[in-house]
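Here's the letter readout for the chains.
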Amino acid sequence: MCSPEEEALLRLEEVFSATLARINSLVLQPLLETTPEPSDPRGREHLRLLQQLHQSSQQLWEVTEESLHSLRERLCHQDSVGLESLLLLCGADRVLQVHVEYIESYTSCLVVQVFQKAAKKKREYWRRQRKALWQLLSGVSSEASVGTALAQALCQPLAHHVQQYVFLLLSLGDTIGEHHPTRELVVHAATVFGNLQSFMRQALDQAMATQALWHTLSSRLRDVLCTPARRLLQDSQDIPVMVTPLRAERVLLFDDALILLQGHNVHIFDLKLVWIDPGQDGCMFHLLTPEEELSFCSKDPQDRTVWQWKMTQAVCQALRGKKDFPVLGAGLEPSEPPTCRCVAYTFRAEGRLCQATYEGEWCRGRPHGKGTLKWPDGRNHVGNFCQGLEHGFGIHLIPQASEDTFDCYKCHWREGSMCGYGICEYSTDEVYRGYFQAGLRHGFGVLESAPQALQPCKYTGHWERGQRSGYGIEEDSDRGERYIGMWQADQRHGPGVMVTQAGVCYQGTFQADKMVGPGVLLSEDDSLYEGTFTRDLTLVGKGKVTFPNGFTLEGSFGSGAGKGLHTQGMLDTAAFPPDPSSTRKRQLGVGAFPVESRWQGVYGPFRDFVSAGCPGDQQEALLGFHVQNARELRKSQEYLCCERSQPEACAGRMEDVLDELLQHREPRALRECLRKALGNSLHPLGKLLRTLMLTFQATYAGVGANKHLQALAQEEVKQHARELWAAYRGLLQVALQRKGQALEEDEDAETRDLQVHGLVLPLMLPSFYSELFTLYLLLHEREDGLYSQGIASLSLFPDTKLLEFLDVQKHLWPLKDLTLTTNQRLSLVRDKCFLSATECLQKIITTVDPREKLEVLEKTYGEIEATVSRVLGQEHKLPMDDLLPLLIYVVSRARIQHLGAEIHLIRDMMDPIHTGGLYDFLLTALESCYEHIQKEDMRLLRFPGRWDSREPW
């Protein structure tokens, strides 16, 4: 059976629904018929507010009708429809939301006096409707204005209706047992509408206070400050407060902004960007904003407490984006505003951020975290900030006025300026990849122009305060030249080597971009000039020329317009042609640029990274990162992206790297660990190796592929191996420190050299092999040419004839290995003898590891002895007299190209531990074979006679 309270609720909803319908027809519809003038923006704004109020009223009527329907269903079907089906109970929160929206629409109209102004416009109409209008009201004086009556007519019935909701729901709750299943719903609904009463009272009080405030301000201030949604929370005229340093005459706290009035000046502070800092003094607290720090003080501590509390709650409410319910500070959310926020703000104060808009994360009044900074002139910065300054990785765009292009800086920043590794793409199509300090290029870096530039060039080397300074490589593609040497203040200064595309190279001392004093010039045909000359290679002054045939010309050189080169001196034709080995010793740059100091700009950041304990968040700044070149992009939004690993991922990966080093310290495991590390572009060691590869290619590839730079390159590769081993040791020490384990003792020089040559050098050599082997090829081109002629001559012999020609004793001939067909003759068989040794030796070119090449040579020696032992039917050790001709036979049949380059590279790069051992002996034997094949007798197929075992091995 339905309770009397339910029947009362039904009657209440019927009356309220009819009242809403009457208000709509009598009040809202006539108000909406007011048409503002096109030139009246305020009138249009009032009409929009009335339309919004009408829409809220319509929704309120609809939810009332829905509630009425649920009550009627309950009364008509008491047995089948339970109390929980009532909308006021099961949908209390939805009903609440509709009421709140109506109250907010109504108070917005109230604040800007929409009803009073609408009544004035249709004064005659409302005079006629005065009696009907007053019938909707109770307790309103007949002397009240029409505007006041309209406002009361739109609010009073709702307030009475909510009051009755609370009364009837509380009564209904009293009639339901303590354990009834619907009691919780009834209690919740009564609480909700009780809170709605409090919310309505506060909303009306704030609206009335705000409306009254606008009357006290000048029209200019009203135009600036007045908005329908803004509500006054506190006025310093009610509770005095003093603000410094602005000395405000009046302080107004609204629900969205703090406003200070100072004469004709108005200071507006968005509450989302206000941080409250309680002061030590009981009468003062501080506010932090993006551009001001304010102090609020009051003579009465209680007044300060009121201001501070209201300010705190207002900030919390502004950050949540919705009003506290039921009253200010009573929401379920935390009552303390968060320190970190995400808001947009445009700076106004003079300075580098003037008129710039920052959108992103803040902390205590400063951009802090990820954000975007945009200037009106088109500049953009997207990245990380710390205490108001760019800090961490960021992308910075600077537009160029000449065309729709940008300078794009993808860099790491520190305290507002570029610091660390970065990639900069300029509107001129130049690209810089390298390090910065204090916003300038500083440390190692590569500056490269576009290939289609009028004067394409590339600089790889060191920078100091934005200028090329220290050791560096510059390639001038237009002139076909490459400079390798020292720089100062953006000019070549100090010792340097110039290599030309024509194969000519020279070394000397440069000052202010010009060569000064004597130098050395080497031509492609091995002519040597020692003296002074100009950059275009014109010989001037005293000098000496040594020609390839050994002749020398010493005297004074000069040139005149149209006269060519002329000299006055002495020509010496008595000298013998120089030995090829002495010609090979003409190496440039060795000693002029100490190998330990050439690439400190590359090694240094890695050492800094290790010294700092390998922090993952600094890995990119110190070791670099790789992104695709965006040179073809021209729109700012396309520039503002950069595919990189996140710092969190870098930190996690660094932990894995260090753990792996600890787990692989045994020799065999360490070799495999280093192989993986050097092959991984994301591993710190892999990053270091790739940067070193870049410097090596910049120096020795292309124009730099000159035989006179071979020694320079060779010592550089060995130094890189030493630095990589030191880098590994540094990482290992950090890994031990993190695990609290004892650090390893420093290695002695001998142990370090063994690890460098035996472990690191073979692993890293493939990365440099192409350019390095090319230099060996060029250096030994003449000898390899003679060797190739000898191989071609010897290949004309059948096997037996060649064995006989080389004076191999016949009892050592492996004729048993030959299988002949009926049409074959023994004397015509070719490439069958010592076939296993020949095939084994051919594998020497399938690897770049010197140790593996020596192992191939050892296996070849073993195959030769195994073949001889099989022929003799017993184990046999070859004496030196027998080994050399047999090895020459195998070498001639293997037909290895550029054997001289291979031998010398093995000799230079092999582990010093093998010096004087078996590998050294076998390599010496191979060198002797190589030299014999070059000899004229061999090339002219003259019988050599007995081999002299006293010849050097």
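So, how was this worked out
Residues numbered from 1 in each chain as written. Predicted model: local features only at pLDDT ≥ 70, side-chain atom pairs only at ≥ 80, totals over all residues. Heavy atoms only, no water. Helix = DSSP H or I, 4+ residues; strand = E, 2+ residues; numbered from the N terminus. Rg over C-alpha atoms; globule rule 2.2 N^0.38 Å. Buried < 20%, exposed > 50% of the residue type's maximum accessible area, 1.4 Å probe, protein only. Contact = heavy atoms within 4.5 Å. Areas by Shrake-Rupley, 256 points an atom, 1.4 Å probe, with all protein chains shown as cover. Salt bridge = Lys/Arg side-chain N within 4 Å of Asp/Glu carboxyl O. Patch = residues over 30% accessible without salt bridge, like charges linked within 9 Å, V, L, I, M, F, W, Y side chains within 5 Å. Lys, Arg positive; Asp, Glu negative; His and termini not counted. Charge placed at Lys NZ, Arg CZ, Asp CG, Glu CD. Pairing = 2+ DSSP bridges. Axes fitted to C-alpha atoms, helices over the stretch in contact; angles between N-to-C directions. Disulfide = S-S within 2.5 Å. Expected span 1.5 Å × (residues − 1). Phe/Tyr/Trp six-rings, centres within 6.5 Å; stacked < 30°, edge-to-face > 60°. pLDDT = per-residue confidence, 0-100.

Peer 1: Please clarify how the overall build of the protein should be interpreted in this entry.
Peer 2: For the protein, the helix and strand inventory stands at 28 helices and 27 strands. For the protein, the C-alpha radius of gyration of 46 Å lies well beyond 30 Å, the compact-globule estimate for 953 residues. The dimensions of the protein, computed from C-alpha atoms along their principal axes, are 145 × 80 × 55 Å. Out of the 953 residues in the protein, the part that is buried amounts to 51%. Relative to all contacts within the protein whose residues are 6 or more apart in sequence, the contacts with residues 24 or more apart total 53%. Element-wise, carbon and sulfur atoms account for 51% of the exposed surface of the protein, whose accessible area totals about 45000 Å².

Peer 1: Even after reading the chapter, I still don't get the pattern of salt bridges, so can you show me in this structure?
Peer 2: Between side chains of opposite charge, a pair can form when the charged atoms approach closely. In total, this model carries 37 salt bridges according to the counting rule given. Ionic pairing is found between Glu6 and Arg74, a salt bridge with its closest N-O pair at 2.8 Å. Of this pair, Glu6 sits in helix H1 (residues 4-32) while Arg74 is found in helix H2 (residues 41-76), placing the two residues 68 residues apart along the sequence. For Glu6, a relative accessible area of 3% translates into the label buried. A salt bridge links Glu481 to Arg479; its shortest N-O distance comes to 3.2 Å. Judged by its relative accessible area of 8%, Glu481 is buried. The exposure class assigned to Arg479 is partly exposed, which follows from its relative accessible area of 42%. Members of the salt-bridge network, linked through shared partners, are Arg468, Glu474 and Asp490.

Peer 1: How do you make sense of a positive patch on the surface when you look at a structure like this?
Peer 2: Together, Lys117, Lys120, Arg123 and Arg222 make up a positively charged patch on the protein surface. Counting through the fold element by element, Lys120 comes out in helix H5 (residues 114-121).

Peer 1: Just checking my understanding: could you explain unusual backbone geometry for this structure?
Peer 2: Keep in mind that most residues, glycine aside, have a negative phi and that most peptide bonds are trans. Of the consecutive residues Thr244 and Pro245, the connecting peptide bond is found in the cis state with omega at 10°. Within the element layout of this structure, Pro245 appears in the loop between strand E2 (242-244) and strand E3 (250-254). Residue Phe325 is joined to Pro326 through a cis peptide bond whose omega torsion reads 5°. Inspection of the secondary structure assignment puts Pro326 in the loop between helix H11 (301-320) and strand E9 (340-346).

Peer 1: Would you mind showing me how to read the sheet that holds strand E7 (residues 284-288) here?
Peer 2: Backbone hydrogen bonds are what pair the strands of a sheet, in a parallel or an antiparallel way. Overall, antiparallel pairing links the 4 strands, which are arranged E2-E8-E7-E6 in an open sheet. Each edge of the open sheet carries a strand with a single partner, namely E2 and strand E6 (275-278). With direction set aside, neighbouring strand axes in the sheet form an average angle of 25°. Relative to E7, E6 runs antiparallel, the two being bridged by 4 bridges. Within E7, the position partnered with Trp275 by the bridge is Leu288. Its contacts with the sheet put H11 on E6, E7 and strand E8 (293-297), and the angle it makes with E7 is roughly 25°.

Peer 1: Sorry, what's going on with the state of the cysteines here?
Peer 2: Under the counting rule described, the total for this entry stands at 0 disulfides. Cys833 forms no disulfide, and the closest cysteine sulfur to it belongs to Cys929, at a distance of 17 Å.

Peer 1: Teacher, can you tell me more about helix H13 (residues 600-611) here?
Peer 2: Each α-helix turn comprises 3.6 residues. Residues three or four places apart therefore point the same way. Between its terminal C-alpha atoms H13 stretches 15 Å, which fits the 16 Å expected from 12 residues at 1.5 Å a residue. Three or more residues of H13 are buried, namely Gly601, Val602, Tyr603, Gly604, Pro605, Phe606, Phe609 and Val610. One or two steps after H13, the chain reaches Gly613, where phi turns positive at roughly 90°.

Peer 1: It is not clear to me how the packing of aromatic side chains should be interpreted in this structure. Could you clarify?
Peer 2: The description of an aromatic ring pair rests on the distance of the ring centres and on the angle between the ring planes. Taken as a whole and assessed by the stated rule, the structure comprises 32 aromatic pairs. Seen from their ring centres, Tyr471 and Trp599 are 5.2 Å apart, and the 80° between their planes marks the pair as edge-to-face. Here Tyr471 is found in strand E19 (residues 467-476), whereas its partner Trp599 is found in the loop between helix H12 (580-584) and H13, with 128 residues between them in sequence. Residue Tyr471 shares its accessibility class with Trp599, and that shared class is buried.

Peer 1: Sorry, what's going on with the environment of Gly43 here?
Peer 2: Locating Gly43 in the fold gives a position in helix H2. Classification of Gly43 as buried rests on a relative accessible area of 9%. Spatially, the C-alpha atom of Gly43 lies 9.0 Å from that of Val114, the residues being 71 residues apart in sequence.

Peer 1: Explain the confidence of the model for the protein to me, please; I cannot follow it from the model alone.
Peer 2: For any part of a model where pLDDT is low, the fine detail of the predicted coordinates should not be relied upon. Here the protein averages 88 in pLDDT, while 92% of its residues score no lower than 70. The model gives residues 628-639 a pLDDT under 50, and that stretch makes 31 contacts with residues more than four places away or in other chains.

Peer 1: I'm lost on the sheet that holds strand E4 (residues 257-262) in this one. Help?
Peer 2: The 4 strands lie next to each other as E1-E3-E4-E5, forming an open sheet whose pairing is antiparallel. Two strands in the sheet have a free side with no partner beyond their single neighbour: strand E1 (232-235) and strand E5 (265-270). Averaged over all neighbouring strand pairs, the angle between strand axes comes to 20°, with direction disregarded. Across 4 bridges, the pairing between E3 and E4 is antiparallel. Bridge pairing in E4 links Leu253 to Leu258.

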